[in-house]
Amino acid sequence: MKKIIVYIMLSLVSFLGFSQKEKPGTIERNSRGMVTSVVFRDAEKEKSPRTANDFFTQYLESQEADHFEKVPHKSKRPNFVHEHYDQFYKGVKVEGAGYNLHFKDGKMYFANGHYVKVEGLNTTPSLSQEGAINAFLKYKSIEKEKVASSIIELLVKEINIMSVKDSVVSVELVYRIYLQSDHINNDEVGFVNAHTGEVISTEPRLTDLTGTFATRYSGSRQAETDPVAGGHRLFDNTRGAPIHTQNMQNNTTLIANAVELIDNDNNWTAAEHSANNNNMGLDVHWALQEVYDYLSNTHGINSFDDDDEPINAYVRYGTNTGQRDNARWDITLDVMYFGQGVSVFNPLASMDVVAHEFGHGITDFQIGWVYSGITASFHEGMSDIWGAILEHRIRPSATWRIGEQVMANGKSYLRNLQNTNDNNAHQKIADTFGSSQYNSGGTYKRSGVFSHWFYILSNGESGTNDIGNSYNVTGVGLDRAEELIVEAVFNNYLDATTTYATIRTAMIEAAEAIFCENSSEVRAVTNAWHAVGVGAVYSGPIMEITSPPVVCTSATFTLNNQPAGATVSWSSSNPSGLIINPTSGEATRQSNFNGQATITVTVNSGCGTNIARIVAVGTPTPTGINGPNYDLCRERGSPYGSGTFYVYNPLPGITYQWQVVKSNGQIESQGSGLSASLNGFRYTVGYHTIRVRSSSCNTFSPWYSSTFGVVNCGSSFYSSESLYPNPASDEVTVVLGQQDSLNEIYSLKLVNSDQEIVFEQSTENYTIVIPVSNLPEGTYYLNISSKEGIIQRRILIKR
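The sections below set out a description of the structure shown in this document. Throughout, a residue's number is its position along its own chain's written sequence, starting from 1. Side-chain atom pairs in this predicted model are given and counted only at pLDDT of 80 or more, local residue features only at pLDDT of at least 70, and totals for whole chains, interfaces and linings cover all residues. Water and hydrogen atoms play no part in the side-chain values, which are based on all heavy atoms of the structure.

1. Some points on the overall build of the protein
Moving on, step 1. Helix and strand content of the protein: 15 helices and 50 strands.
Moving on, step 2. Counting only residues that meet the buried cut, the protein has 54% of its 799 residues in that class.
Moving on, step 3. For the protein, contacts bridging at least 24 residues in sequence account for 62% of all contacts bridging at least 6.
Moving on, step 4. Surface exposure of the protein reaches about 32,300 Å², of which carbon and sulfur atoms provide 46%. Helix numbers and strand numbers start at the N terminus; a helix is a DSSP run of H or I with at least 4 residues, a strand a run of E with at least 2. To sort residues, take the accessible area from a 1.4 Å probe on protein chains only and compare it with the maximum for the residue type: under 20% means buried, over 50% means exposed, and anything in between is partly exposed. The contact rule is simple, with two residues in contact once any of their heavy atoms fall within 4.5 Å. Using a 1.4 Å probe, the Shrake-Rupley method yields the accessible areas, and only the shown protein chains count as cover for residues.

2. What about the nonpolar core?
Moving on, step 1. Note on terminology: a nonpolar core comprises buried Ala, Val, Leu, Ile, Met, Phe, Trp, Tyr and Cys residues joined through side-chain atoms within 4.5 Å. Formed by 100 residues in total, the largest nonpolar core has its most connected members in Trp453, Met507 and Trp529.
Moving on, step 2. Trp453 has contacts with Gly448, Leu484, Ile485, Met507, Val525, Ala528, Trp529 and Val532, leaving out every residue within four places of it along the chain.
Moving on, step 3. Membership of the second largest hydrophobic core comes to 24 residues, among which are Val92, Val94, Ile142 and Leu179.

3. Some thoughts on the pattern of salt bridges
Close approach of charged atoms allows side chains of opposite charge to pair.
Moving on, step 1. Should a side-chain nitrogen of Lys or Arg be within 4 Å of a carboxyl oxygen of Asp or Glu, the pair is scored as a salt bridge. Inspection of the entire model under this criterion finds 25 salt bridges.
Moving on, step 2. With its nearest N and O atoms 3.5 Å apart, the salt bridge here joins Lys157 to Glu203. Here Lys157, found in strand S8 (residues 147-161), pairs with Glu203, found in strand S11 (residues 199-204); they are 46 residues apart in sequence, far enough to count as distant.

4. Comments concerning helix H9 (residues 373-394)
Moving on, step 1. In this model, H9 (22 residues) spans 32 Å end to end at C-alpha, consistent with the 32 Å of a helix rising 1.5 Å per residue.
Moving on, step 2. Most of H9 sits inside the fold, with 18 of its 22 residues counted as buried. One fewer than the residue count of a helix, multiplied by 1.5 Å, yields its expected span.

5. Concerning the environment of Leu674
Moving on, step 1. With respect to the element layout, Leu674 can be found in the loop between strand S39 (667-672) and strand S40 (675-677).
Moving on, step 2. In this structure Leu674 comes out as partly exposed when scored by relative accessible area, which is 48%.

6. Some remarks on the pairing of strand S24 (residues 470-473)
Moving on, step 1. The alternating pattern of S24 places Tyr471 and Val473 on a buried face, while none of Ser470 and Asn472, on the opposite face, is buried.
Moving on, step 2. For two strands to be treated as a pair, DSSP must find no fewer than two bridges joining them. Examined bridge by bridge, strand S23 (residues 461-464) and S24 share four bridges and lie antiparallel to one another. By the bridge assignment, Gly463 is partnered in S24 with Tyr471.
Moving on, step 3. Two successive antiparallel strands, S23 and S24, enclose a turn made up of five residues, where Gly468 displays a positive phi of approximately 90 degrees.

7. Describing helix H13 (residues 500-515)
Every α-helix carries 3.6 residues per turn, so stepping three or four residues along brings you back to the same face.
Moving on, step 1. Between its first and last C-alpha atoms H13 spans 22 Å; for 16 residues at 1.5 Å apiece the expected length is 22 Å, and the two agree.
Moving on, step 2. Among the 16 residues in H13, 15 count as buried, and that is most of the element.
Moving on, step 3. Positive backbone phi, approximately 85 degrees, marks Cys516, located one or two places after H13.

8. Thoughts on the sheet that holds strand S33 (residues 607-617)
Moving on, step 1. The strand order S26-S33-S32-S29 describes an open sheet built from four strands, whose pairing is mixed. Two strands lie at the open edges of the sheet, namely strand S26 (550-551) and strand S29 (567-572), each paired on one side alone.
Moving on, step 2. Pairing of S26 with S33, which is carried by two bridges, proceeds in the parallel orientation. The residue of S33 that forms the bridge with Val550 is Ala616.

9. Overview of unusual backbone geometry
Residues apart from glycine generally show negative phi values, whereas peptide bonds are mostly found in trans.
Moving on, step 1. Residue Asp42 is not a glycine yet carries a positive backbone phi of 40 degrees.
Moving on, step 2. The topology assignment puts Asp42 in the loop between strand S3 (35-39) and helix H1 (44-47).
Moving on, step 3. For Asp42, a relative accessible area of 55% translates into the label exposed.
Moving on, step 4. A positive phi is found at Ser591, a non-glycine position, where the angle reads about 50 degrees.

10. Considerations on the packing of helix H12 (residues 478-490) against H13
Moving on, step 1. As a rule, the C-alpha atoms of each element are fitted with a line to give its axis, helices using only the stretch in contact, and angles between N-to-C directions run from 0 to 180 degrees. Running from amino to carboxyl end, H12 crosses H13 at an angle of 110 degrees, the nearest separation of the two axes being 9 Å. It follows from the interaxial angle that H12 and H13 lie roughly perpendicular. Read as a crossing pair, H12 and H13 show a hand that is right-handed. On the side of H12, the interface is formed by Arg480, Glu483, Leu484, Ile485, Glu487 and Ala488, while H13 contributes Met507, Ala510, Ala511, Ala513, Ile514 and Phe515.
Moving on, step 2. Residue polarity follows a fixed list, in which Ala, Val, Leu, Ile, Met, Phe, Trp, Tyr, Cys and Pro are nonpolar, Asp, Glu, Lys and Arg are charged, and the others, Gly among them, are polar. Within the contact of H12 with H13, the residues separate by chemical class into nine nonpolar, no polar and three charged. Should an angle fall under 35 degrees it is called roughly parallel, over 145 degrees roughly antiparallel, and 65 to 115 degrees roughly perpendicular, with every other angle called oblique. Left-handed describes a crossing whose near helix is turned anticlockwise from the far helix through less than a right angle; right-handed describes the clockwise counterpart.

So this is what it looks like as structure tokens:
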């Protein structure tokens, strides 16, 4: 967004034969009637504008004084072209305005952005730059001699009232003023009317709070340094972008005053650098290199701008509590600051803190959201998304919790993207657009709509949101959710978006470009937005595999609702049991195989997705039984007990039969279905076997069996016995009732899933320890016998 190389001047032209009603495409407009997006479907693509100039004149009805400057962009995918244009009026940039045009095979399929209609604005300033700076200094009560330097830019700016609804008061010619000063009042960027000298708007100097990372937080790590006189400094010039980390010594905000962090032998020990928190620089420097490498190696992205913009970080930033207890991206100087913490935070240098601030840099260069009003919330939500992605990829920790390593105020983390109202979080955030929590919130609280949407998209979720809408989202997984973010951010889908509704539209279009129309991913993206209160549920068709759920001998698989012109390829996860023709989808069972296979169809139409379906082959034997992890309870004087068992990973199309068998082989009860609810099943105190088999293709499978114990309810032994830990890795402690109640011998037997005894002992002791370190991982059963009966405990051994 920041390097402009192509200039396009638009003149006022006719509508090229298109009337308002004849324009092809689905058009969305904002509350002021300006076009925010146009989607061209199928035949409409043939009539879509072929050039940027055509689109701007036909759809935006641009004026003679407007022109658009094209931002360079390297397309990541063949056949796709993604263009972004910044809007200018009489040669002056319109802040936050611009448009994105997306082409496939030379045809426009999506356009979106924010166009500002400017009428009759005098773009020749009446006020000098010095006069504007003096006006802002007076407004902020900052002495001129306390300012080291200033950065000033002439802009056309919409002046908004902060509210739930988008409300524009006026469009003005302004100076944007950024001061380099240590003054305590220097906490905002100012916008001064270039004609009247009035300070008409301010924005915070992008401030953030988050955290987690290296030597201090991540143990021993290696990172590139640079030899200098006296040792080595935190500078890396081995990558495309130079990475430089410097120390502001906890007493300045001026980068000119920063000093190098130096180690004499390039062995940066805690003893040398931890006492004054300088070791936080090691965390930041290592993290920035890892972030650069991950984005470059995985996505071909190089630095914030994808063109190796220098990466500069300053640790131990600040002169007061508010600055030191903070981390932030400087939206004017394009650098990152990390404070050493005071009361809320420890040194802000963890991986998710660094990733969050790096994410602000990506947003600044790639999207250009201004840090004001609702777009400031977009900034924060997107940075929390980057924090979750990069922490998970580089140093996995608590992916959906931001800042869990750096809190100093008694809270466990800064924000929780999964549980947005977590009492252990320092900041609670809104998870539903338009809720009372959202409407009464500020920048961070409103950012939760964006970040929680990403959580739901990745993991799936069902429920009812805060405005009463029910939702049910099947997650796509973090891999595909991340792919969508990269596509939308680096291919100009989000530039100049100004509402959650326009972000939703852009994300859906990006998903269609990657995963194809009618894909489950597009449905998930749409439904995840509905879950957070933005837009309706998905109502379109879905690509689905159709076939019998069980393959007895052969079957043909087909794909419904595939995109026009798409090619498909079929595969089987188990070709020794079920082979499938990659072109026709004809599948054949092999050698009377009994089991299951996953059938996958790969769709390719420029976009691409994989659709999978698990099918039963022949008559598969059940693979397990899930049930209560305790003995079943029979009321005294009653022949009945209670408990429910379930088939582990049941297969569609299979019928299941159950039996409860006594130790003498006698069948006590039986039934059918995916579960066996033993309420009313007649059995006695002692050992029992629960078994299940499948029925398909006119054949029964072998039985799968498991054991359980039955005790009388109200037994003092039953109610007081305990076992821990479970799962266990080295040993299990069993507590046998109360110390003074033991007046008999207890018999303990630990058996594996094959009913082989692996431990056996009789005891009168109150407590007994069972060693399990020599046993393989898996599920075991501890049978405990006493005069009051037999109980069984399930033990999981896991390492």
